[in-house]
Each structure stands twice: as C-alpha cells, then as structure tokens.
Amino acid sequence: PYTREESHVLYSVTKSFMSALVGITIADGYIEGVEQAILDFFPDREIRNLDDRKAGMTLEDLLTMRSGTDYHERGSDAPHFQLNKLARGWDRFYLNRPMIREPGTHFSYDSGGVILLSSLLHSRTDMHADIFAQNSLFKHLQIDEFFWLKNLDHHPHTGGGLYLRPVDMAKLGQLYLQKGSWMEHQVVPENWIEESFK
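Chemist: For this particular structure, what's the right way to read the overall build of the protein?
Modeler: A tally of regular secondary structure across the protein gives 9 helices and 5 strands. For the protein, the sequential pattern of α-helices and β-strands runs β-α-α-α-α-α-α-α-β-β-α-β-β-α. Against the globule reference of 16 Å for 198 residues, the protein gives a C-alpha radius of gyration of 16 Å, in line with a compact fold. Overall size of the protein, expressed as C-alpha extent along the three principal axes, is 45 × 35 × 30 Å. Counting contacts in the protein only where the partners sit at least 6 residues apart, residues at least 24 apart contribute 70% of the total. Separation between the mean location of the 20 positive side-chain charges and that of the 28 negative ones in the protein comes to 5 Å.

So, in structure tokens, the structure goes:
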C-alpha cells in the first residue's frame, strides 16, 4: 500500500483540492450553490451557540474564510490545534464554535471551515472527500497513489492532510491553467476556475 513516506504533505495546498471538489459537487447537482446555508447540511444536528449569524453562514463564507466564527490558528491553544488533537468530531467542533462577527464581513485564516466542507460533501454524496476525490478528480488526472490523514470518523483532514508525489501535485496547477479541462474532459467547471482565481 502507498504510504505517506513515499510522498510529500501538501499542508494547506490540500485546501485547493477541496475547493475543486466543491466545484465538482455543485456542477454534478449534489449541492445547490455557494449561497446555500451551512446549517442546511445538518438538519438533525444539535448545534451550540446558534444565532441568526450562524444560521446565515453560507458555503461561500467557508470557501472565502469569512465564516464569522471565533476559529483561528494563532497560539498553541488556538481552536485549530484543539481540533487537530481530537480523534473524532471535527465537524461538530467547528459547528459549535461561537460567532464573533457577521458571516462574509471579515477574513480570518481558517482551516476548520475547509475541514467542515468535507463533512458537507459527505452529507450530500455519501462519500468522504478522499473517495469522492478518487472518483471525480484523481482518476481524470491519473493520480493513482495518495495518502490522506483521517480521524476515527474516517473524515479526511481537508485543511492540510493530503500527501501526493510532486508530479501529481503539479497536475492541479496545470488543470487550473487549462481552465479545468484535462485530456478533453471538463473535470472542474470553467466558471469555478474563474471564480477561484478571483
């Protein structure tokens, strides 16, 4: 089996792969669009610190790191490092964070929101991000070997836990330069590529 020792960790470049997967799920009709409210994906979940701001948080707010939560990565006891220590429940940890701003109004670097995107994808496709990536992205780019850190819920760390060979890392950049097309197949929608560059 392929191991992480045979590859290189992408750290936060993993987030760009996750963004591509979100674009694919929207194009395939699994998700309505970036305006969809995050809580729509968790209708039966009991969520703490719930208020109008959290209810108004959208997919776009997570993608642009403007969620309005108190999540940050500054200091050894930051929420991000607390999440990384958890064996389970990364999505629950993020969803329960208190709000400190109106969503969409303030940028704050936020790996947790990108990790939550994986849970949204799972709620719609019934596949974790690693499996969905294998079926809808990696197979088109001829990426056959990868390693993805996961928790005990089998939830991949989409904020920074993907390992690939350097040649396969470069394929995502080339895919975006080709406006989402690879070998005459539109892997990621061209409009998603254009919006991503903005």
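Chemist: I would appreciate a short explanation of the side chain of His72 in the present structure.
Modeler: Tracing the sequence through the fold places His72 in the loop between α3 (59-63) and α4 (79-85). A distance of 3.1 Å separates a polar side-chain atom of His72 from the backbone nitrogen of Arg74. Once residues within four sequence positions are removed from consideration, His72 is found in contact with Ala78, Pro79, His80 and Tyr109.

Chemist: Can you walk me through the packing of helix α1 (residues 14-27) against helix α8 (residues 166-177) in this structure?
Modeler: Two numbers describe how α1 lies on α8: the axes approach to 11 Å, and their chain directions differ by 50 degrees. Considering the angle they form, α1 stands oblique to α8. Crossing of α1 against α8: the hand is left-handed. When α1 is examined against α8, the residues Ser16, Phe17 and Ala20 are found in contact with a partner set consisting of Met169, Leu172 and Tyr176. Class assignment of the residues belonging to the contact of α1 with α8 gives a composition of 5 nonpolar, 1 polar and no charged.

Chemist: Please explain the sheet that holds strand β3 (residues 162-164) as it appears in this structure.
Modeler: Sheet strands pair via backbone hydrogen bonds, and the direction of the pair is either parallel or antiparallel. Strand order in the open sheet made by the 3 strands is β1-β3-β2, with antiparallel pairing throughout. The sheet terminates laterally at β1 (8-9) and β2 (147-148), the two strands that pair on one side only. Two elements, β1 and β3, share 2 bridges in a ladder whose sense is antiparallel. Residue pairing in the sheet places His8 in a bridge with Leu164 of β3.

Cut-offs applied
- Residues numbered from 1 in each chain as written.
- Predicted model: local features only at pLDDT ≥ 70, side-chain atom pairs only at ≥ 80, totals over all residues.
- Heavy atoms only, no water.
- Helix = DSSP H or I, 4+ residues; strand = E, 2+ residues; numbered from the N terminus.
- Rg over C-alpha atoms; globule rule 2.2 N^0.38 Å.
- Contact = heavy atoms within 4.5 Å.
- Lys, Arg positive; Asp, Glu negative; His and termini not counted.
- Charge placed at Lys NZ, Arg CZ, Asp CG, Glu CD.
- Polar contact = N/O pair within 3.5 Å; in protein donor to acceptor, adjacent residues only side chain to side chain.
- Axes fitted to C-alpha atoms, helices over the stretch in contact; angles between N-to-C directions.
- Parallel < 35°, antiparallel > 145°, perpendicular 65-115°, else oblique.
- Left-handed = near helix turned anticlockwise from the far one by under 90°.
- Nonpolar A, V, L, I, M, F, W, Y, C, P; charged D, E, K, R; others polar.
- Pairing = 2+ DSSP bridges.

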